Amino acid sequence: MTVDPLHRVTIDDVATRAGVHKATVSRALNARTRHQVSDDTVARVEAAAGELGYVPNAIARGLRTSSSMTIGVIIPDLTNPFFPPIIRGIENYLQPRGYTALLANTDSSDAIERAALGSLLGRRVDGLIVASGSRRASTLAEAYQAGVFAVMLNRDAGGIPYPLVTGHDATGIAATVAHLAELGHRRILHIAGPADFSTSETRAAAFRAACASTRRVTGTVVEAAALSVESGQQTMDRILTEHRNRPTAIVAGNDLVAFGVLRSLRAHGLSCPGDISVAGFNDIEFAQDSNPPLTTVHVPMQEMGAEAARVLLEAIETKAQEPVTVHLPVSLMVRGSTGPAPA
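Residues numbered from 1 in each chain as written. Predicted model: local features only at pLDDT ≥ 70, side-chain atom pairs only at ≥ 80, totals over all residues. Heavy atoms only, no water.

Visitor: Can you break down the overall build of the chain residue by residue, with the values?
Guide: Across its full length, the chain holds 12 helices and 12 strands. The principal-axis extent of the C-alpha atoms belonging to the chain is close to 70 × 45 × 35 Å. Counting only residues that meet the buried cut, the chain has 53% of its 343 residues in that class. The long-range fraction of contacts in the chain, counting pairs at least 24 apart against all pairs at least 6 apart in sequence, stands at 73%. For the chain, the exposed surface amounts to about 15500 Å²; the carbon and sulfur share of it is 51%. One finds the centroid of the 31 positive side-chain charges in the chain at a distance of 2 Å from the centroid of its 33 negative side-chain charges. (Helix = DSSP H or I, 4+ residues; strand = E, 2+ residues; numbered from the N terminus. Buried < 20%, exposed > 50% of the residue type's maximum accessible area, 1.4 Å probe, protein only. Contact = heavy atoms within 4.5 Å. Areas by Shrake-Rupley, 256 points an atom, 1.4 Å probe, with all protein chains shown as cover. Lys, Arg positive; Asp, Glu negative; His and termini not counted. Charge placed at Lys NZ, Arg CZ, Asp CG, Glu CD.)

Right under this line is the structure:
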């Protein structure tokens, strides 16, 4: 089937391409009714819609449902390579279903987050996907009390019972510590992120537990001021200056911190992994291109974004939301930044 580029693709076009009735297309692309269609049919319909560039008529649907067909997405740092794949996953899920994402960047500021949330709600978004996850802010508590649908992404919001979609961080940290222990490392240090992030708390607790379970490893946790290259370098500079028995391996709170650690090692004339092994977390796009290539925990970022969007649309369609936590699997990517402990 050839589609005229000036022709607006309709539900009939998608039905013809997928080989199903147009009512089936409607059910397959609606989160509320998708369960009425087989998984294979849903996949076929979504593939056909993507190939044709089908966009549901959001204006007509909005008039029928009093919905704006928009979702607010709040992230803490647009320059962090961790977030663009997540946003891509969100958009990949929302667009075939007629929704548009409105993005707000907070620069990790509680005041900016409050203003952004107010602005998004003022635009009558149907729900929120929040990846900032600072436990200091009261903004989300107010949103929850007001009945706003939202899903937390990567980090939770403390005691606020919103659903959470995240990676299985504890598994990733445990695999990293086990890998380093097998290489003979006995003094391992974890540079954690700020304590008011749930990811920092989870990873630090998993690190302590993993070190204790080996009974061979002495594990130390040091908190960095931020999850950034600069903070990673500053923290590692301090470690090299103040610690009499320097660690033989570093488990960084994320890849950016790991890059800062590598920068610090070079500045102090130390080699990686010859003097100190370094492991990161997230497996951002350029992790394998660092020098040396970074051993890190791969987090399925696009899948996390898509799953957060799925959970949110299900809540919007059913008018019900449960405080579930969805853990997506992670995996350790062993590369050149980890090696045997120095003699």
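Visitor: I'd like to hear about the sheet that holds strand β2 (residues 100–105), residue by residue, with values.
Guide: Strand order in the open sheet formed by 6 strands is β2-β1-β3-β4-β5-β11, and the pairing between neighbours is parallel. What marks the edges here is a single partner per strand, and that holds for β2 and β11 (325–328). Mean inter-strand twist for the sheet, computed between neighbouring axes without regard to direction, equals 20 degrees. Sheet analysis places strand β4 (residues 150–153) next to strand β5 (residues 164–167), joined by 2 bridges and oriented parallel. Among the inter-strand pairings, L153 is bridged to a residue of β5, identified as V165. The strands that helix α12 (residues 301–318) touches are β1 (70–75), β3 (127–130), β4, β5 and β11; relative to β4, the one it contacts most, it runs at about 165 degrees. (Pairing = 2+ DSSP bridges. Axes fitted to C-alpha atoms, helices over the stretch in contact; angles between N-to-C directions.)

Visitor: Would you mind going over the pattern of salt bridges in detail, with residue names and values included?
Guide: Counting across every chain of the model gives 9 salt bridges. R17 is the partner of E51 in a salt bridge, and the nearest nitrogen-oxygen pair spans 2.7 Å. Here E51, found in helix α3 (residues 39–52), pairs with R17, found in helix α1 (residues 11–18); they are 34 residues apart in sequence, far enough to count as distant. For E51, a relative accessible area of 54% puts it in the exposed group. The partner of E46 in a salt bridge is R97, with the nearest N and O atoms 2.1 Å apart. Residue E46 is located in helix α3, and its partner R97 is located in the loop between α5 (83–94) and β2; the two are separated by 51 residues in the primary sequence. A relative accessible area of 4% means that R97 is categorised as buried. (Salt bridge = Lys/Arg side-chain N within 4 Å of Asp/Glu carboxyl O.)

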